[in-house]
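Structural overview
Here is how the chains run, residue by residue.
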Amino acid sequence: MLAQVWVAWCKKKSICKTCNELILSGLPMVYVRIRDTNRPYPYTMRKHLHCWLADAIDWLEKNPYTRVNSPGRKRLQLSDEDRKIRLKLLRRRALLVFRQRVLAYNNPKLAADKIGKMQEKVDIIVKDICKVGGVPKSWK
Ligand SMILES: [Zn+2]
């Protein structure tokens, strides 16, 4: 079943499908057009805008919101404490890598020593993060 819904100003009087009262011209109304595979042709019904809204709110209340598991990366199963440690390691490495890049950009020859020492620190972080959730894919 396929339903098309649109709003318009009522141009000629018709009967509201919900309350069975007249929809007067000039009032806001809702067209609902339903294409049902069991019917040979689509049929249209007209409703007061407020009647349709009431129906809609009714339906939503009967079918409450349930959260759909969002696609994408799954959250790591970690304790709060491990999560904090992991975050710290991620940040520390990000800072080191950033500084390495800046040094390499400004003066690669003079900075080689410093960059090497920083790389040792980064390697230690890689070892440490294995204990709290593993090495992120982007690090490899
Ligand atoms: Zn109505």
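Thresholds applied
- Note on numbering: residues in each chain are counted from 1, in written sequence order.
- Under the rules for a predicted model, residues below a pLDDT of 70 receive no local features and side-chain atom pairs below 80 are neither given nor counted, while totals for whole chains, interfaces and linings still include all residues.
- Helix and strand assignments come from DSSP, with helices taken as H or I runs of at least 4 residues and strands as E runs of at least 2, each series counted from the N terminus.
- Our contact criterion uses C-beta atoms placed from the backbone: two residues qualify when those atoms are within 7 Å.
- Residues with at least 20 other C-beta atoms within 10 Å of their own are called buried, those with 12 or fewer are called exposed, and the rest are partly exposed. The C-beta atoms themselves are positioned from the backbone.
- Reported domain spans reflect what an automatic or database domain assignment gives.

Concerning the environment of Pro42
As for its position among the elements, Pro42 is in the loop between β4 (28-35) and β5 (43-48). Separated by 40 residues in the primary sequence, Pro42 and Leu2 place their C-alpha atoms 9.2 Å from one another. Setting aside its immediate chain neighbours within four residues, Pro42 contacts Arg33, Ile34 and Arg35.

Some thoughts on unusual backbone geometry
Glycine aside, negative phi is the norm for most residues, and most peptide bonds take the trans geometry. In this structure, Asn20 is a non-glycine residue whose phi angle is positive, near 60°. Structurally, Asn20 is set in the loop between β2 (14-15) and β3 (22-23). A count of 8 C-beta atoms within 10 Å places Asn20 in the exposed class.

Considering the domain arrangement of the protein
One frequent convention defines the size of an interface as the accessible area lost when the parts assemble. The assigned domain composition of the protein is domain 1 (2-62) and domain 2 (80-139). Each of domain 1 and domain 2 has a C-alpha centre, and these two points are 62 Å apart.

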